[in-house]
Amino acid sequence: MQITEPATKEVVQQKWNKRPLIIAGPCSAETEEQVVQTAQRLAATGKVDVLRAGIWKPRTRPGSFEGIGTKGLPWLQKAKQLTGIPVAVEVATAKQVADALHFDVDILWIGARTTVNPFSVQEVADALRGVDVPVLIKNPINPDLELWTGAVERVAKAGIKQIGLIHRGFSSYGNSEYRNAPMWHLAIEMKRRNPELMMINDPSHICGRRDILQEVAQKAIDLDYDGLIMESHVDPDHAWSDAKQQITPEQLGEMLNNIVWRKEDTASAEYHAALEKLRNQINHLDDELMQILGERMKVAEKIGQYKKENNITILQTTRWNEILERAAKKGEKLGLSKEFVTKYFDAVHLESINHQTKVFNS
Ligand code: PEP
Ligand code: MN
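Residues numbered from 1 in each chain as written. Chains lettered and ligands numbered in written order. Predicted model: local features only at pLDDT ≥ 70, side-chain atom pairs only at ≥ 80, totals over all residues. Heavy atoms only, no water.

1. Thoughts on the overall build of the protein
Short version of the rule: For helices the rule is a DSSP run of H or I covering at least 4 residues; for strands it is a run of E covering at least 2, with both sets numbered from the N terminus onward. Whether a residue is buried, partly exposed or exposed follows from its accessible area with a 1.4 Å probe, protein chains only, as a fraction of its type maximum: under 20%, in between, or over 50%, in that order. We call two residues contacting when some pair of their heavy atoms lies within 4.5 Å. Accessibility throughout is a Shrake-Rupley quantity obtained with a 1.4 Å probe, and a residue counts as covered only by protein chains that appear here.
A count of helical and extended segments in the protein gives 14 helices and eight strands. Across its three principal directions, the C-alpha atoms of the protein cover 85 × 50 × 40 Å. Residue burial in the protein is summarised as follows: out of 362 residues, 45% are buried. Pairs at least 24 apart in sequence give 74% of the contacts found in the protein among residues at least 6 apart. Working note: accessible area of the protein is about 19,600 Å², and carbon and sulfur atoms make up 54% of it.

2. Here's the deal with the coordination of the manganese ion (ligand 2)
Tetrahedral coordination by four donors sets the ideal angle at the metal to 109.5 degrees; octahedral coordination by six donors sets it to 90 or 180 degrees. Here is the rule: Donors, by definition, are the N, O and S atoms found within 2.8 Å of a metal, the threshold being 3.2 Å for Na, K and Ca, and water is not counted, so a site can look incomplete.
Looking at the manganese ion (ligand 2), the protein donor atoms are C27 (SG), H205 (NE2), E231 (OE) and D242 (OD), and they sit 2.1 to 2.4 Å from it. Read in sequence order, the donor residues for the manganese ion (ligand 2) give the motif C-x177-H-x25-E-x10-D. Of the two residues, E231 is situated in strand β8 (residues 227–231) and D242 in the loop between β8 and α11 (249–258); the sequence distance between them amounts to 11 residues. When its relative accessible area of 1% is taken as the criterion, E231 is described as buried. Overall, D242 belongs to the buried group, its relative accessible area being 16%.

3. Side note on the packing of aromatic side chains
Filter applied, for reference: Between 30 and 60 degrees the pair is tilted, below 30 it is stacked and above 60 it is edge-to-face, where a pair is any two Phe, Tyr or Trp rings, Trp via its six-membered ring, whose centres lie within 6.5 Å.
Under the criterion given, the structure shown has four aromatic pairs. Ring geometry for W184 versus Y225: centroids 5.9 Å apart, planes at 85°, classification edge-to-face. Taken together, the positions of W184 in helix α8 (residues 184–193) and Y225 in the loop between α10 (213–222) and β8 put the pair 41 residues apart, joining distant regions of the chain. Each ring, one from Y344 and one from F345, has its centre 5.2 Å from the other, and the planes form 85°; the classification is edge-to-face. Overall, F345 belongs to the partly exposed group, its relative accessible area being 22%. Each member of the aromatic cluster is reached from another via a ring pair, and the members are F340, Y344 and F345.

4. Considering a positive patch on the surface
Counted only if it meets this: Candidate patch residues must exceed 30% relative accessible area and have no salt bridge, after which like charges are joined if within 9 Å and Val, Leu, Ile, Met, Phe, Trp or Tyr side chains if within 5 Å. In what follows, salt bridge is the name for a side-chain nitrogen of Lys or Arg lying within 4 Å of a carboxyl oxygen of Asp or Glu. A residue counts as positive if it is Lys or Arg and as negative if it is Asp or Glu; His and the chain ends are not included. Working definition for charges: the position is that of NZ of Lys, CZ of Arg, CG of Asp or CD of Glu.
A cluster of basic residues, R326, K329, K330 and K333, forms a positive patch at the surface. As for its placement among the helices and strands, K330 is situated in helix α13 (residues 317–333). Using a relative accessible area of 55% as the deciding quantity, one classes K330 as exposed.

5. Quick word on the site of ligand 1
For the record, the criterion: The nearness test applies per residue and asks whether one of its heavy atoms lies within 4 Å of the molecule or strand. Contacts described as polar in this section are N or O atom pairs within 3.5 Å, which, within protein, must combine one atom able to donate a hydrogen with one able to accept it, while residues neighboring in sequence count only if both atoms come from side chains. In this classification, Asp, Glu, Lys and Arg are treated as charged, Ala, Val, Leu, Ile, Met, Phe, Trp, Tyr, Cys and Pro as nonpolar, and every other residue, Gly included, as polar.
Taken together, C27, R52, K57, E90, W109, G111, A112, R113, K138, R168, H205 and E231 form the complete shell of residues around ligand 1. Backbone polar atom of A112 to an oxygen atom of ligand 1: 2.8 Å apart, as the coordinates give it. H205 is positioned such that a nitrogen or oxygen atom in its side chain is 3.2 Å from an oxygen atom of ligand 1. The fraction of the free accessible surface of ligand 1 (300 Å²) that becomes covered by protein chains is 97%. Considered class by class, the residues forming the shell around ligand 1 number three nonpolar, two polar and seven charged.

6. Observations concerning helix α12 (residues 269–309)
The line we're drawing: Multiplying one less than the number of residues by 1.5 Å gives the expected span of a helix.
Spanning 41 residues, α12 covers 60 Å between terminal C-alpha atoms, matching the ideal 60 Å at 1.5 Å per step. Following α12 by one or two positions, N311 adopts a phi angle in the positive range, close to 55°.

7. Structural notes on the pairing of strand β1 (residues 21–25)
In plain terms, the rule: Pairs of strands are assigned from DSSP output, requiring at least two bridges between the strands. With the strands pointing away from the viewer, any crossover whose connection runs clockwise from the first strand over the helix to the second is right-handed.
Counting buried positions along β1 gives five out of five residues, so the element sits mostly inside the fold. Across the two faces of β1 the burial is the same, with L21, I23 and G25 and I22 and A24 all buried. Sheet analysis places β1 next to β8, joined by five bridges and oriented parallel. Along β8, the bridge assignment pairs G25 with E231. For β1 and strand β2 (residues 50–52), the ladder comprises two bridges, and the chain directions are parallel. Note on β2: the bridge partner recorded for I23 is V50. In this fold, the crossover linking β1 to β2 by way of helix α2 (residues 32–45) has right-handed handedness.

8. As for the packing of α2 against α11
The description of two helices packed together rests on the angle between their axes and the distance between the axes. Spelled out, the test is: Axis definition: a line fitted to C-alpha atoms, over the contacting stretch in the case of helices. Angles run 0 to 180 degrees between N-to-C directions. Small angles under 35 degrees read as roughly parallel and large ones over 145 as roughly antiparallel, with 65 to 115 read as roughly perpendicular and the rest as oblique. Handedness of each helix crossing follows the sense of rotation of the near helix against the far helix: counterclockwise by less than a right angle gives left-handed, clockwise gives right-handed.
In contact at an axis separation of 9 Å, α2 and α11 are set at 25° when each is read in the N-to-C sense. Considering the angle they form, α2 stands roughly parallel to α11. In the packing of α2 onto α11, the handedness of the crossing is right-handed. Only P249, E250, L252 and G253 of α11 make contact with α2, whose side of the interface consists of T38, R41, L42 and T45. Among the residues making up the contact of α2 with α11, the classes are represented as three nonpolar, three polar and two charged.

9. Let's talk about the packing of α12 against helix α14 (residues 338–361)
Where α12 meets α14, the closest approach of the two axes is 8 Å, and the angle between their N-to-C directions is 45°. Taken together, the axes of α12 and α14 are oblique relative to one another. When the axes of α12 and α14 are compared, the crossing they make is right-handed. Residues L289, L293, R296, M297, A300, E301, I303, G304, Q305, K307 and K308 of α12 form the contact with α14, whose own contacting residues are Y344, V348, E351, S352, H355, Q356, K358, V359 and F360.

10. Here's the deal with the side chain of T248
Relative to the elements of secondary structure, T248 occurs in the loop between β8 and α11. Filtering out sequence-adjacent residues up to four positions away, T248 remains in contact with R41, S232, H233, V234 and P236.

11. As for the pattern of salt bridges
When the charged atoms of two side chains with opposite charge come close together, those side chains can pair. Following the criterion strictly, the structure yields 19 salt bridges and no others. Residue R41 is joined to E250 by a salt bridge in which the shortest nitrogen-to-oxygen separation is 2.7 Å. Of this pair, R41 sits in helix α2 while E250 is found in helix α11, placing the two residues 209 residues apart along the sequence. We note a salt bridge from D222 to R262, for which the minimum N-O separation is 2.5 Å. Here D222, found in helix α10, pairs with R262, found in the loop between α11 and α12; they are 40 residues apart in sequence, far enough to count as distant. A residue is classified by how much of its surface remains accessible, and D222, at 39% relative accessible area, is partly exposed. Connected through salt bridges with shared partners, the residues E146, E189, R192 and R193 form a single ionic network.

So yeah, pure geometry; function would need other evidence.
Right, dumping it as structure tokens:
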């Protein structure tokens, strides 16, 4: 068996700063062999920077596997010793933080079910006071950027300097293509608000199934995410948790191979010149859109005036449905999605009503 130098603080630093950062490993640590073999086969792909494994599993329903507990931590130590790959574990309580640090876990993460609970986040943050360890914070299970931000603030206030974000999607009721709806716009907004924090994507928990992992991972990279965290197991079908979304280390290696890695920028002058031209066109079209919207609102005000003079209510629902149906039909011909057209015209309608209300009140 090959023995590699255990990961030092510098190695962890180097990995933390690497782009793209690739974290992979089983949903849960199950046995020593499973952890060690997964780590070795992941290391053999040459593409994995950090090994993940759940030791304490927050399960939605009782009765399913709730994690192997502290006894699994030495297995991670061993995996690290054999491969040189730093390890990451989810923590949700002060005791779990203490145990993970005691067994040299290099990176901690706060899970989605913990991020929703300020008491738990505060407990973890308090346990981290005075500790120099990188912490990743998953989005809360509900689509609430304030909760996510609150967790970041609590951990930052505890003195943690290296904080990263994990986008793992949001729970929704009923059937959907995804286990957790990605709601990409929320992660993009979180990134916009916190440009200094790394944002990595968790296709495994977004998809909940293997067949769409590749496309979600590619989308994240196309959106300039800083990396991926993905579940990988030596025997995915028999995994003790999240079996449907796990893939073998070799499948993961292939998936990473197939990703088209893009960067946010390039030094090529030709590219910049072409992009600038297209962006000017967009700016020009946006100006025209605004101009037209302004004119539309003026017409809405005139309509408001007529309604007021004739004692008619501002809102006529049948008219509104008519506008939406017309727009959806026209939009379809122009290649615009129904979802977009509906959202856009809802916003336009609201603005129209506000303009008419102003006329009614004048
Ligand atoms: C996990 O990473 O295995 C996990 C429990 O994820 P989440 O907190 O995103 O549900
Ligand atoms: Mn999992």
